[in-house]
Amino acid sequence: AARQSDARYAVVVASDRDRANQLQAVVANQGFTVYSGTTLGDVADSINLSPGVDLIVVDQPLARAEDLYHQASLNYKLAAVPVVLITRPGEQSAAEARFENVERVYLSAGDEGFSSAMEQVAAASGAISPEDADDFAVTAVDLLRQLAAESSAVYNVIDAQPALIAALDDPRDDVKLLAADALTLFGTPESQRALAEAALDGQRPEEHRLEFMADLARCATLHGNKLTDLQLEKILALVQGEGDEMGQAAARVHGALTLPTRNVVRLLTE
């Protein structure tokens, strides 16, 4: 919900690498960013790092396809994702019998039926209004922030980190600012560095950068310094500036990072 946009991600699993590459090109032409391999294990890292998965395309013998479907059903990131299964000659009837009552599986009789199966997926997914998408995104990010604050033992909120980092570039101001607020609680190098990149991005509106600076200071207070040397140098350069509001915000970040006093001494002597 947080990443509700035109960006869509697909996983392709085929019987061999050449076929996986072929299908990857076909699905990419449908507007997806595609991760492909010959097993789910091949794309596990990409799935974990992606904001989410919108489609699974499988081209394997039926027995292996059933096993892959079972694996996906046990993975909460994939358990509700539509599956397009490209069936082999002679396996169509068996596939129909096996997946007759499985609503999220769509059968393609060879490559010829692929376009039809994709149309069925699109029709079943339905469309929501931009207003609903905005409401869902704000609600989702706020709930993730609450989960991070409560250190939930039920849901591993770190799994949402890629989606929240991506949300820092969301065109909706409330989504990106809520995402930054949530990331302050994560305490990982990736989350703190993403906040710093947003705060140091001169292409962003200054009011947003000041918000990100405040979040970065809070993150540093909670979790210590996890920034890169280059990011630290950029923050120090802002502190050395004209003493404007951005410089003051950077100074608060610098203080929260509890960096070695040599930086302060250097500033004083200069």
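Residues numbered from 1 in each chain as written. Predicted model: local features only at pLDDT ≥ 70, side-chain atom pairs only at ≥ 80, totals over all residues. Heavy atoms only, no water.

**Q** Go over the sheet that holds strand β4 (residues 83-87) with me, naming the residues and quoting the values.
**A** Pairing in this open sheet of five strands is parallel, and the strands run β2-β1-β3-β4-β5 from one edge to the other. Edge positions in the sheet fall to β2 (32-37) and β5 (105-109), since each has one partner strand and no second. For this sheet, the mean inter-axis angle between neighbouring strands, taken without regard to orientation, is 20 degrees. The pairing of strand β3 (residues 55-59) with β4 spans three bridges and is parallel. Bridging across to β4, Ile56 finds its partner in Val83. Across the face of the sheet, helix α3 (residues 62-73) comes into contact with β1 (8-14), β3, β4 and β5 while running at roughly 155 degrees to β3. (Pairing = 2+ DSSP bridges. Helix = DSSP H or I, 4+ residues; strand = E, 2+ residues; numbered from the N terminus. Axes fitted to C-alpha atoms, helices over the stretch in contact; angles between N-to-C directions. Contact = heavy atoms within 4.5 Å.)

**Q** Which residues make up the packing of helix α6 (residues 130-150) against helix α8 (residues 173-183), and what are the values?
**A** At their nearest, the axes of α6 and α8 sit 9 Å apart, and the two run at 10 degrees to each other. Here α8 runs roughly parallel to α6, going by the angle between their axes. Along the contact surface, α6 presents Ala137, Val138, Val141, Asp142, Arg145 and Ala148, while α8 presents Asp174, Val175, Leu178, Ala179, Asp181 and Ala182. Split by residue class, the contact of α6 with α8 holds eight nonpolar, no polar and four charged. (Parallel < 35°, antiparallel > 145°, perpendicular 65-115°, else oblique. Nonpolar A, V, L, I, M, F, W, Y, C, P; charged D, E, K, R; others polar.)

**Q** Outline the nonpolar core, listing residues and values.
**A** Ranked by size, the top nonpolar core spans 41 residues in total, and within it Leu164, Met213, Ile235 and Leu257 carry the most contacts. Counting residues per element, the ones that place at least two in this core are α6, α7 (161-167), α8, α9 (189-200), α10 (206-223), α11 (229-239) and α12 (245-256). Here the element with the most residues in this core is α10; it accounts for seven residues. Once you skip the residues sitting within four places of it in the chain, Met213 turns out to touch Ala199, Leu200, Leu238, Met246, Ala249, Ala250 and Val253. If you look at the next biggest cluster of nonpolar residues, it comprises 23 residues, including Val11, Val13, Val43 and Val102. (Core = buried A, V, L, I, M, F, W, Y, C linked by side-chain atoms within 4.5 Å. Buried < 20%, exposed > 50% of the residue type's maximum accessible area, 1.4 Å probe, protein only.)

**Q** So, the packing of aromatic side chains: which residues are in play, and what are the values?
**A** Throughout the structure, instances matching the rule amount to three aromatic pairs. Where Tyr9 meets Tyr35, the ring centres are 6.3 Å apart and the plane angle is 20 degrees; that geometry is what we call stacked. With Tyr9 in strand β1 and Tyr35 in strand β2, the pair connects residues that are 26 residues apart, well separated along the chain. You'll find Tyr9 and Tyr35 in the same group, each marked buried. Ring plane angle 65 degrees and centroid distance 6.1 Å describe the contact between Tyr76 and Tyr155, whose orientation is recorded as edge-to-face. Of this pair, Tyr76 sits in the loop between α3 and β4 while Tyr155 sits in the loop between α6 and α7, and the two are 79 residues apart along the sequence. Over the ring of Phe32 we find Arg8; its NZ or CZ atom is 4.1 Å from the centre of that ring. (Phe/Tyr/Trp six-rings, centres within 6.5 Å; stacked < 30°, edge-to-face > 60°. Lys NZ or Arg CZ within 6 Å of the ring centre and 35° of its normal.)

**Q** Can you lay out the pairing of β1 for me, pointing to particular residues and giving the numbers?
**A** Burial within β1 is extensive, with six of its seven residues counted as buried. For β1 and β2, the ladder comprises six bridges, and the chain directions are parallel. Bridge assignment links Tyr9 to a residue of β2, and that residue is Thr33. Across five bridges, β1 lies against β3 in parallel orientation. Within the sheet, the bridge partner assigned to Val13 lies in β3 and is Val58.

**Q** Explain the pattern of salt bridges residue by residue, including any values.
**A** Per the stated rule, a full pass over the model turns up eleven salt bridges. In this structure, the salt-bridge partner of Arg19 is Asp59, at a minimum N-O distance of 2.4 Å. With a gap of 40 residues between them, Arg19 in helix α1 (residues 17-28) and Asp59 in strand β3 connect regions that are remote in the sequence. Between Arg204 and Asp169 there is a salt bridge, with the nearest N and O atoms lying 2.6 Å from each other. Placement of the pair is Arg204 in the loop between α9 and α10 and Asp169 in the loop between α7 and α8, with a sequence separation of 35 residues. The network of salt bridges with common partners includes Arg19, Asp59, Arg88 and Asp111. (Salt bridge = Lys/Arg side-chain N within 4 Å of Asp/Glu carboxyl O.)

**Q** Please provide a residue-by-residue account of the side chain of Thr188, values included.
**A** Relative to the elements of secondary structure, Thr188 occurs in the loop between α8 and α9. You can call Thr188 buried: its relative accessible area is 14%. A distance of 2.5 Å separates polar atoms of two side chains, one belonging to Thr188 and the other to Gln161. Polar side-chain contacts of Thr188 include one of 2.9 Å to the side chain of Ser191. (Polar contact = N/O pair within 3.5 Å; in protein donor to acceptor, adjacent residues only side chain to side chain.)

**Q** Describe in detail α3, supporting the description with residues and values.
**A** Between its terminal C-alpha atoms α3 stretches 16 Å, which fits the 16 Å expected from twelve residues at 1.5 Å a residue. If you check which residues of α3 are buried, you get Leu62, Ala65, Leu68, Tyr69 and Ala72. Seen from one end, α3 has its buried residues packed into an arc of 115 degrees, which puts them on one side. (Expected span 1.5 Å × (residues − 1). Arc of directions from axis to C-beta.)

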